[in-house]
Amino acid sequence: MTRPNRRLDIVLVLGVAALMLLPWYRIEGGFFGFGWLGGFPLSPEAAPGLVQIAAHGRFWLAGVVLFLLAAGMARGMADPMRRGAMLAWAGGLGLLFLCLQGLAIGFTGWTWTVSENLFGPLADGQPSMGAGAVLSAVVFVLVFSFGLAERGVMKGDAFVVSAIALLVFLVAVFVFYPVGSMFVGAVQDFDGSFNPDGFVRNMQDPGIWSLDCVVGGARCGVAWRTLWLGIVTGLSSTLLGLAFALVATRTRFPCKKALRLLTILPIITPPFVIGLALILLFGRAGFVTQAVASLFGVEPGRWLYGLTGIWISQVLSFTPVAFLVLIGVVEGVSPSMEEASQTLRADRWRTFVKVSLPLMKPGLANAFLIGFIESMADFGNPLVLGGSHGVLSTEIFFAVVGSQNDPSRAAVLAMVLLAFTLSAFLAQRLWLSGRNFSTVTGKGDNGVHAALPRWLSTGLYAVVVPWIAFTLVVYGMILFGGFMKTWGLDNSLTLDHYVKAFSVNLSGGTVWTGVAWNSFWTTMEIALIAAPLTAAVGLLTAYLIVRQKFAGRNVFEFALMMSFAIPGTVIGVSYIMAFNLPPLEMTGTALILIACFVFRNMPVGVRGGVAAMSQLDKSLDEASLTLGAGSFRTVRRIILPLLRPAITAALVYSFVRAITSISAVIFLVSAEYNMATAYIVGLVENGEYGVAIAYSSMLIVVMLVVISGFQFLVGERRLRRDNRLAGAPRTLSPEQERTA
């Protein structure tokens, strides 16, 4: 007799339902529209898998039935090792067969010439996979996982094995498969046949690789121009971020809380809005340009439209992010090491250069990497300010949607962009590998951070204070520009732009008459769906990385984090190439946007979850398991309640990023599902700057409300370290401090 296995029984029942009760192929108009019920189960469009085999000649689907039957036969085996082996083989081969038949057979028949040569032509093809096929794939993954658990993998913990298998499967489908499709698309013709001519032609294009130019000049190849911009932006944002972090932690700057508030600005601001604000200030009709022209008689120029303007906008956008990364690193430097240096008669400058700064290297490397990758992936600011100085992200966009209509060129440019970002990602990991920068231990550290040299503090003030003022002016222009009737021509105040975007008719019921409401509600809906999925996938991954030991864990973590190094533009192009044809056709739907947001923002949830979970003692898990709770119950009842701050942070970040993302979204939106940022780009292209700024201002207000709620729920982390600067006056007497 075999012991009951409720989990396996449920999965097998789901497999039967996938073959008998759900449409096997994709339904036009959407599965949840339920229009397919009228033709179910006999119509070719809505028929389940078994009917497709019996009535519509899709005989190749019989392999799916055979592998599911094999899993059912394994259910009755008494020997757990043999049962586990049978389940693992049935699940693994069933999933492999399902994927291969989906790739090999398209709308008109075989998609691979070798298949047609081996098996002969097909009378009919098949549409993209639908609900039945997708559920069958999940069933095979779970059957494979249960088989490994039966054989003792991960101590027989079916939940852990299933979680690892499902995550690997999802990452393979939504990260590696699209990128692979992009590489294949680079050597394909329009009809899908192999043709490397376009790849060779574009790889040899001097417009990409030309070095006959001054560094970063207009005639320079777009690849080197983008690389130069990324390096300069990464260095500039890192240095400015370090200056802000030092001012906030090592000086008596009076507005430190206000300084920290600047870190939320790039998170809540659509990525192209900075460029719009700079145009309002320094464009040919900008406020500063017109003032200088009237005072000094200087002819307005176009210096802003090029790499200079892009660089300024990107540094404004990414410096607060670098500050957010570096402030924790600067605070984390052990004061006792700095005190030891000064005890050995080193002055403040030598202590800072020889002790403090080297310990900040991981943070500096991470800040540069973020600035570099964000610059390479930035689409909005180069689109607004680039002029004739195109960068890789904008060139990819115009190769896809412009008059060129050259998918091969878009794929080649995306490959170049991906090579640059992955090289920086790998170089950073190699540079930091094998080095130890730990200064925080389990022992108390009540030392006092060394004050900065006076001349260095003065220099930092001279950089930071003007930059703060410049940032506030830029963001002030964002809010103020929405009330200008026609900037540069008619500066009278008006509410027309807000009325046009967000008007509401209350007579006879609520009617959202503003032109922006459709994209606004669509954006909110998709963001609210994507945010919890992103948090769930990220925190589950963090749990597996921190709490479980399995072969290939480091490779698993690196593969998941690699999606951070893939620019959004590359993600957008690869999704178009992968999901526009069978076996998975999702272009033009909300599902492709949700999948993009989940797997684009997942690394943030992973890193946040790893950091939070590393602080939880493993004895909590062990106690729960010792008392008979399984891994799933332990996660649900012990781990998740203790991770509420990390969960809230992941939810808010993924929600905000889904609203403000543009580089990938611009390729994936449709008339039915148009996101706010893509709609604003359309307004900018049509010259409706007032409505665009009004819409952007509304998004900023919405994001401020979300961030404020996040800060209220999570609160501020308080360390018990005394962070007073050397020489600062005491607020408590020594006796009061000992009592406290």
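Our structure is the block above this text.
The shown structure was predicted, so the numbers you read here are calculated from the model rather than taken from an experiment.

Caption draft 1: Region of interest: the overall build of the chain. Of the regular secondary structure elements, the chain holds 34 helices and 4 strands. Excluding contacts between residues fewer than 6 apart, the proportion of contacts in the chain whose partners are at least 24 apart in sequence is 73%. Accessible surface computed for the chain: about 34900 Å², of which carbon and sulfur atoms make up 65%.

Caption draft 2: Quick look at the environment of Met 376. Position of Met 376 among the secondary structure elements: in helix α18 (residues 361-377). A sequence separation of 142 residues divides Met 376 from Gly 234, and the C-alpha atoms of the two residues are 9.8 Å apart. In this structure Met 376 touches Thr 226, Leu 227, Gly 230, Ser 393, Leu 417, Phe 420 and Thr 421, once residues within four positions along its chain are discounted.

Caption draft 3: Main features of the nonpolar core. Within the largest apolar cluster, 201 residues are counted, with the highest numbers of intra-cluster contacts made by Met 182, Phe 244, Leu 278 and Tyr 575. The dominant element in this core, judged by the number of residues it contributes, is helix α7 (residues 158-185), at 14 residues.

Caption draft 4: Quick peek at unusual backbone geometry. Residue Phe 40 is joined to Pro 41 through a cis peptide bond whose omega torsion reads 5 degrees. The residue Pro 41 is located in the loop between α1 (6-20) and α2 (49-55) in this model. For Met 154, which is not glycine, the phi dihedral falls at a positive 55 degrees. For Met 154, the position within the fold is in the loop between α6 (131-150) and α7. Classification of Met 154 by relative accessible area gives buried; the value is 17%. Unlike most non-glycine residues, Lys 155 shows phi in positive territory, near 60 degrees. Within the secondary structure, Lys 155 sits in the loop between α6 and α7. Residue classification places Lys 155 among the exposed positions, given a relative accessible area of 85%.

Caption draft 5: Broad picture of empty space enclosed by the protein. One pass over the structure, following the stated rule, counts 2 cavities of 30 Å³ or more. Estimated volume of the largest cavity: approximately 70 Å³. As for the largest cavity, its lining consists of Phe 244, Leu 259, Leu 262, Thr 319, Pro 320, Phe 323, Trp 467 and Thr 471. Looking at the lining of the largest cavity, the elements with two or more residues in it are α15 (307-332) and α22 (454-481). By residue number, the principal contributor to the lining of the largest cavity is α15, which donates 3 residues. Of the residues in the lining of the largest cavity, the class split is 6 nonpolar, 2 polar and no charged.

The rules behind each value
- Residues numbered from 1 in each chain as written.
- Predicted model: local features only at pLDDT ≥ 70, side-chain atom pairs only at ≥ 80, totals over all residues.
- Heavy atoms only, no water.
- Helix = DSSP H or I, 4+ residues; strand = E, 2+ residues; numbered from the N terminus.
- Contact = heavy atoms within 4.5 Å.
- Areas by Shrake-Rupley, 256 points an atom, 1.4 Å probe, with all protein chains shown as cover.
- Core = buried A, V, L, I, M, F, W, Y, C linked by side-chain atoms within 4.5 Å.
- Buried < 20%, exposed > 50% of the residue type's maximum accessible area, 1.4 Å probe, protein only.
- 1 Å grid on protein atoms, 1.4 Å probe; cavity = no way out; pocket = protein on both sides within 12 Å on 5 of 7 lines; lining within 4 Å.
- Points joined across faces, edges and corners; volume = space filled by probe spheres on them.
- Nonpolar A, V, L, I, M, F, W, Y, C, P; charged D, E, K, R; others polar.

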